[in-house]
Amino acid sequence: EVALKSNWYWMRKVSLVNHLMSEAGSSDETHAPYFVVDIALALGSLVFAQSELFGEQRALCIIKQGLALARAGYGMRVFSEGSVWGEDFVLSKSSLRESVVCLAMTYVETFKLTFASFMQICHKHSSSLVLRRLLRQYVVRLSARRAILLEARRQRRAVLSC
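All residue numbers refer to position in the chain's written sequence, counted from 1. Residue-level local features of this predicted model are given only where pLDDT is at least 70; pairs of side-chain atoms are given and counted only at 80 or more, and the full residue set underlies all totals for whole chains, interfaces and linings. Hydrogen atoms and water are omitted, and side-chain values are computed over all heavy atoms in the structure.

Notes on empty space enclosed by the protein
Item 1. Throughout, the protein atoms alone are placed on a 1 Å grid, and a set of points is a cavity if a 1.4 Å probe fits but cannot get out or a pocket if it is open with protein on both sides within 12 Å along at least five of seven lines; lining residues have an atom within 4 Å of a point. Grid points are joined across faces, edges and corners, and a volume is the space filled by probe spheres set on the points. Taken as a whole and judged by the stated rule, the model has one cavity of 30 Å³ or more.
Item 2. The computed volume of the largest cavity comes to approximately 100 Å³.
Item 3. Along its surface, the largest cavity is lined by 14 residues, and Glu56, Arg58, Ala59, Gly86 and Glu98 are the ones closest to its centre.
Item 4. Following the grouping adopted for this structure description, the nonpolar residues are Ala, Val, Leu, Ile, Met, Phe, Trp, Tyr, Cys and Pro, the charged ones are Asp, Glu, Lys and Arg, and the polar ones are all others, Gly among them. Its residues placed into classes, the lining of the largest cavity shows five nonpolar, four polar and five charged.

Describing the packing of helix H3 (residues 34-42) against helix H4 (residues 115-124)
Item 1. Helix axes are fitted only over the stretch in contact, all axes being lines through C-alpha atoms; the angle between N-to-C directions runs from 0 to 180 degrees. Secondary structure elements follow DSSP: runs of H or I no shorter than four residues count as helices, runs of E no shorter than two count as strands, and numbering proceeds from the N terminus. At a minimum axis separation of 10 Å, H3 and H4 run at an interaxial angle of 150°. In terms of their interaxial angle, H3 and H4 are classed as roughly antiparallel. The interaxial crossing formed by H3 with H4 has right-handed handedness. Residues Phe35, Asp38, Ile39 and Ala42 of H3 form the contact with H4, whose participating residues are Ser117, Phe118, Ile121 and Lys124.
Item 2. A breakdown of the residues in the contact of H3 with H4 according to their chemical character gives five nonpolar, one polar and two charged. Roughly parallel means an angle under 35 degrees; roughly antiparallel, over 145; roughly perpendicular, 65 to 115; everything else is oblique. For any pair of crossing helices, the crossing counts as left-handed if the nearer helix is rotated counterclockwise from the farther one by less than a right angle, and right-handed if it is rotated clockwise. Throughout, a residue-residue contact means that at least one pair of heavy atoms, one from each residue, lies within 4.5 Å.

Right, here's the structure in full:
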């Protein structure tokens, strides 16, 4: 519970965690389900010096401190304190995941949750039908959104090339 309490400010910025909490009927860290507590425990802490490149496939990242510049999707984005990316690490189809490589503009401190760590947590709680239903619901919604965006971009390119 200490890990969740100390990381709650950052954890609540993750849409997956918010989905799990809202569906479980919890709105604050004092009533968090055990799998959310395990996610908080699994968060690793990383630091990067100015001008250092970082980013990893299939990893959820949260900036705790600093500024980073990233080329994501079809443009550039600036990530600052509280920014979250990689929430699509749960998607199995790589074309639906955004690949984000960041350049640290200042000293950057991040939290990271790898897909392997997340799968260990899911395996630990595999008997929970509620968790399985919520995760499946989240993945289906995210997959549908990403597939629609991917198809829209494809069709726009086809129209522009004519």
